[in-house]
Amino acid sequence: MTEYLTEKDVRDIAAYTSIGLTDEEIPQMTKDLNNTIEMLKPITEYDLEGVEPTFHPIGSLSNVMREDVEVQGFTQEQALENAPAQQDGYFLIPSILGGGDQ
Amino acid sequence: MDLHTLGIADLRRGLRSKEFSATELTQAMLGRIEALDPKIHSYLEVTKDSALSQAKEVDAAIQAGAYDDLGILAGIPVALKDNLNLKGTHTTCASRMLESYVSPYTATCVQNMLDQGAIVLGKLNMDEFAFGGSTESSAFGPTRNPWDTDRVPGGSSGGSAASVAAGLATVTLGSDTGGSIRQPGSFCGVVGVKPTYGVVSRYGVVAFASSLDQVGPLARSVEDAAIALNAISGRDPLDCTSQHIDTDFTANLAEGVKGMRIGVIPEFMEGEGMDDEVRDKLNEVMNELKNMGAEIVEIELPNVHASLSAYYVLGPCEAFSNLARFDSVRYGYRDPGHKDLNGQYEASRSVGFGPEVRRRVMLGSYLLSSGVYDTYYYPAQQIRTLITQDYVRAYEKCDCILMPTSPYTAFKLGEVKDPTAMYLSDTFTIPINIAGNGGMNVPVGLGNDSHLPIGAQLICPAFKDENMFRAAAALETVYGSACVAPDFEKAGA
């Protein structure tokens, strides 16, 4: 089995995707990801010279403009309905500067 | 009367003629769910109060002689996969991440059903965020197959298939990114339709892979599925990929297959990559179609073997992007007590996401990283072109293609442990999502060895979904409509 990703790579990806993994979870995740990447090998063996990519199954989409009239979106209350924490009509998060309390 | 076994046409007849009321029908279904769903756990939420109040409105219209003004699903008991937003219900995607999320709005496909008078019984279990083929990855426990409660119902729309097979809903909606409607349809012996990409609006459907996702109906008859698709299809200004559809999917159900050209792939007819009983069934189905007057045409799809690899590049890449929105700030799970934002992100996403979700998000992140992108992501999009061209060429010779839906029948809970092995169960369904074509599962009886449901898959050119409905309806005249799983009510909880 080719090792595409080392445990260090997996730690970096976890950090980048903001998914906290414990030290115990790293080896299994590394194994699973390497197994899956091995499955992707046929893609690397194709001769694709000159083949255009299809990023979307519906090609030839053009911009469709709607009439420039006001429509009602979410109210502030609706937008905040599912917020884990809120204050004064804002989403509340921990302090991002200085590391002090909220 | 066994109202739970009836299809839409019979229910409508009974409602209109006041043989039973919408309230009686709804109560009968809710009673069955309460008594029998604990055996299979297909529902995550039962919307009893709103269902009964909807039924009351339908009954008022019936009393006023206005039933036919209500729409094509008036009084019909339906249920929704839990990644479809319905205002005021929980929409959890079977994830801890969204356990307490309450939809502030309604998906267009769901609204279309409501506008046609459908009565929503509740929300259905699924693999977490629709990543999986067995419904075992639901954070709230697996769904079981009503044909054998030791077995999985398939996935990811396992609750949508199992509830229909158990007679706990007349029609349900699922979503299909790589086979998630058709494969559970096959495992549970019901009709399951993945329409052509663009037939149904995706607005309000929690996104997995936006270029592959499509919503479709599951039902016990081809006609019920066609009626439901009539209700949900069409252009929606809120999803710019949805198309104007003026097809009546019920129009040619009685036409038969005489004169239709059905494509088959010789390697598949010989059983490549599938169990013997699936191969035998597939050949039997081909002969039935031939006996009814269809012309069987051999076709080839030379690049289809690359579909699985292309899918496990494209799916995770799009999922990585789509699931970045779960940030523990605007909605979703927030791990308590963190004093810095990054720590809160990491803890919330690691607690909120189950193992398969983490794997796919991390894989997508890796595949889109600089350098790796050129090895996998861009080539996968080029391969998508080759696969799509394969189908376009094949459809010059045929109107529809016959394939298996799944290489095997329903497996036991816990039997497939390795994630990569689980991915293989979608071998025959994934290529259709890659190309954007329509595909559907039609139940064609039980396997000789397993005595479990086997499905045939019919696939059609883009926006020719009526072709597969026509062939499916012909097969139904041979195999009958799907039944409610026979021994399920006796099975132990």
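This one's a predicted model, so the numbers in the text were calculated from it and none came from an experiment.

Student: Now, about the interface of chain A and chain B: what can you tell me, with residues and values included?
Tutor: On the chain B side, the residues contacting the 52 residues of chain A number 66 residues. Here chain A packs against chain B, burying approximately 4900 Å² in sum over the two surfaces, 68% of which is carbon and sulfur. Of all residues in chain A, Met39, Ile43 and Asn82 of chain A bury the most surface against chain B, accounting for 13% of the area lost on that side. At the junction of chain A and chain B, the tally comes to two salt bridges. In this structure, the connection of chain A to chain B is made through 19 residue pairs in polar contact (both at pLDDT 80 or more). Of all elements in the fold, only α1 (7-16), α2 (26-39) and α3 (41-44) of chain A reach the threshold of two or more residues within the side of chain A that touches chain B. In terms of residues, the side of chain A that touches chain B owes the most to one element, α2 of chain A, which gives seven residues. Split into classes, the residues belonging to the side of chain A that touches chain B amount to 34 nonpolar, 13 polar and five charged.

Student: Outline the pairing of strand β10 (residues 438-446) of chain B, listing residues and values.
Tutor: All names here are of chain B. Most of β10 is tucked away, with seven of its nine residues classed as buried. The sheet contact formed by strand β5 (residues 191-194) and β10 spans three bridges and is antiparallel. Paired with Gly192 across the two strands is Asn441, which belongs to β10. Pairing geometry for β10 and strand β11 (residues 453-460), over seven bridges, is antiparallel. Counted as the bridge partner of Met440 is Leu458 from β11. Taken together, β10 and the strand that follows it, β11, pair antiparallel across an intervening segment of six residues, in which His451 is found at a positive phi of about 55°.

Student: Outline helix α17 (residues 465-479) of chain B, listing residues and values.
Tutor: Quick reminder: α-helices carry 3.6 residues per turn. Residues three or four places apart thus point the same way. Residues and elements named next belong to chain B. For α17, with 15 residues, the first-to-last C-alpha span of 21 Å sits near the 21 Å given by 1.5 Å per residue. Counting buried positions along α17 yields twelve of 15 residues, so the element is predominantly enclosed. Those residues of α17 not exposed but buried are Asp465, Glu466, Asn467, Met468, Phe469, Arg470, Ala471, Ala472, Ala473, Ala474, Leu475 and Glu476. Just past α17, the residue Gly480 takes up positive phi, approximately 80°.

Student: Which residues make up the packing of aromatic side chains, and what are the values?
Tutor: Residues and elements named next belong to chain B. This model, assessed by the stated rule, comprises 19 aromatic pairs over all chains. With centroids separated by 6.2 Å and ring planes inclined at 90°, the aromatic side chains of Phe326 and Phe353 adopt a geometry described as edge-to-face. Separated by 27 residues along the polypeptide, Phe326 in the loop between α10 (307-322) and α11 (341-352) and Phe353 in the loop between α11 and α12 (355-367) bring together distant segments of the chain. An aromatic cluster is built from Tyr101, Phe129, Phe326, Tyr331 and Phe353, whose rings are joined through pairwise contacts.

Student: Tell me about the packing of α10 of chain B against helix α14 (residues 377-394) of chain B, and name the residues and values.
Tutor: All names here are of chain B. The contact between α10 and α14 brings their axes to 9 Å, and the two run at 125°. It follows from the interaxial angle that α10 and α14 lie oblique. Crossing handedness for the pair α10 and α14: left-handed. Packed against α10, whose contacting residues are Ser307, Ala310, Val313, Leu314, Cys317 and Glu318, the element α14 presents Tyr377, Ala380, Gln381, Ile383, Arg384 and Ile387 at the interface. Of the residues assigned to the contact of α10 with α14, the class counts are eight nonpolar, two polar and two charged.

Student: So, empty space enclosed by the protein: which residues are in play, and what are the values?
Tutor: Residue and element names in this part refer to chain B. Per the counting criterion, the structure on display carries five cavities of 30 Å³ or more. Around the largest cavity, the lining comprises 13 residues; the ones closest to its centre are Gly132, Gly133, Tyr312, Arg360 and Asp426. Contributing elements (two or more residues each) for the lining of the largest cavity: α10 and α15 (419-423). When its residues are assigned to classes, the lining of the largest cavity shows six nonpolar, five polar and two charged. Put simply, the second largest cavity is a space of about 40 Å³. Elements that contribute at least two residues to the lining of the second largest cavity include exactly β10 and α17. In the lining of the second largest cavity, the residues fall into seven nonpolar, two polar and two charged.

Student: Residue-level account of a negative patch on the surface, with values.
Tutor: Residues Glu267, Glu270, Glu272, Glu298 and Glu300 of chain B make up a contiguous surface patch of negative charge. Taking relative accessible area as the criterion, Glu272 of chain B reaches 38% and is therefore assigned partly exposed.

Student: Lay out the nonpolar core in plain terms, naming residues and giving numbers.
Tutor: Note that soluble globular proteins tend to have their nonpolar side chains buried in a common cluster. Residue and element names in this part refer to chain B. Grouped together as the largest cluster of nonpolar side chains are 172 residues, with contacts concentrated most on Phe129 and Tyr391. The element best represented in this core is α10, accounting for nine residues. Residues within four places of Tyr391 in sequence aside, it is in contact with Leu301, Val304, Ile401, Met403, Pro431, Ile432, Ala435, Asn437 and Ile459. Grouped together as the second largest cluster of nonpolar side chains are six residues, Ala410, Phe411, Val416 and Met422 included.

Student: Account for the pairing of strand β3 (residues 119-124) of chain B, naming residues and giving values.
Tutor: All names here are of chain B. Judged by how many residues are buried, β3 sits mostly within the fold: six of six residues are covered. With three bridges connecting them, strand β1 (residues 43-46) and β3 associate as antiparallel partners. When the bridges of β3 are listed, Tyr43 appears paired with Leu124. In terms of strand pairing, strand β2 (residues 77-81) meets β3 through five bridges, oriented parallel. Paired with Pro77 across the bridge in β3 is Ile119. In this view, the connection linking β2 to its parallel neighbour β3 by way of helix α4 (residues 108-115) has right-handed handedness.

Student: Break down the environment of Tyr345 of chain B for me, with residues and values.
Tutor: Following the sequence through the fold, Tyr345 of chain B ends up in helix α11. Placed 99 residues apart in sequence, Tyr345 of chain B and Val444 of chain B show a C-alpha to C-alpha distance of 48 Å. Sequence-distant contacts of Tyr345 of chain B, defined by excluding residues within four places in its chain, comprise Ser18 of chain A together with Asp327, Ser328 and Val329 of chain B.

Cut-off values and rules
Every chain begins its residue count from 1, and numbering advances along the sequence as written. Think of it this way: whatever chain is written first is A, whatever ligand is written first is 1, and the rest follow in order. The predicted nature of this model means local features are confined to residues of pLDDT at least 70 and side-chain atom pairs, given and counted, to a pLDDT of 80 or more, with totals for whole chains, interfaces and linings taken over all residues. Note: side-chain values were computed over all heavy atoms of the structure, leaving out hydrogens and water. We call two residues in contact whenever any of their non-hydrogen atoms come within 4.5 Å of each other. Summed over both partners, the accessible area (1.4 Å probe) lost when two parts come together is defined as the buried area. Salt bridges are counted wherever a side-chain nitrogen of Lys or Arg sits within 4 Å of a carboxyl oxygen of Asp or Glu. As used in this structure description, the phrase polar contact means that two N or O atoms lie within 3.5 Å; if the pair is within protein, one of them must be able to donate a hydrogen and the other to accept it, and residues adjacent in sequence are counted only when both atoms belong to side chains. Runs of H or I in DSSP of at least four residues are treated as helices and runs of E of at least two as strands, each being numbered from the N terminus. Classification convention: Asp, Glu, Lys, Arg as charged; Ala, Val, Leu, Ile, Met, Phe, Trp, Tyr, Cys, Pro as nonpolar; all other residues, Gly among them, as polar. Only protein chains enter the calculation, and the probe is 1.4 Å; a residue is then buried if its accessible area is under 20% of its type maximum, exposed if over 50%, and partly exposed in between. Pairing between strands is defined by DSSP: at least two bridges between them are needed. The span you would expect from a helix comes to 1.5 Å times its residue count less one. Aromatic rings from Phe, Tyr and Trp, taking only the six-membered ring of Trp, are treated as a pair when their centres fall within 6.5 Å; an angle between ring planes under 30 degrees marks them as stacked, one over 60 as edge-to-face, and anything in between as tilted. Orientation is described by axes fitted as lines to C-alpha atoms, over the contacting stretch for helices, and by angles from 0 to 180 degrees between their N-to-C directions. Orientation is classified from the angle alone, with under 35 degrees giving roughly parallel, over 145 giving roughly antiparallel, 65 to 115 giving roughly perpendicular, and any other angle giving oblique. Note on convention: the crossing is left-handed when the near helix lies turned anticlockwise from the far helix by less than a right angle, right-handed when the turn is clockwise. Grid points spaced at 1 Å over the protein atoms alone were grouped into cavities, where a 1.4 Å probe fits but cannot get out, and pockets, open sets with protein on both sides within 12 Å along at least five of seven lines, with lining residues defined by an atom within 4 Å of a point. Grid points are joined across faces, edges and corners, and a volume is the space filled by probe spheres set on the points. Patch definition: residues above 30% relative accessible area lacking any salt bridge, with like charges linked at up to 9 Å and the nonpolar side chains Val, Leu, Ile, Met, Phe, Trp and Tyr linked at up to 5 Å. Methods summary: accessible areas were calculated by the Shrake-Rupley approach with a probe of 1.4 Å, and residue burial reflects only the protein chains presented. Working convention for charge: Lys and Arg count positive, Asp and Glu count negative, and His plus the chain ends are omitted. Taken as the charge centre is NZ of Lys, CZ of Arg, CG of Asp or CD of Glu, depending on the residue. Definition used in this section: a nonpolar core is a set of buried Ala, Val, Leu, Ile, Met, Phe, Trp, Tyr and Cys residues joined via side-chain atoms within 4.5 Å. With strands facing away from the observer, any crossover in which the path from the first strand over the helix to the second runs clockwise is taken as right-handed.

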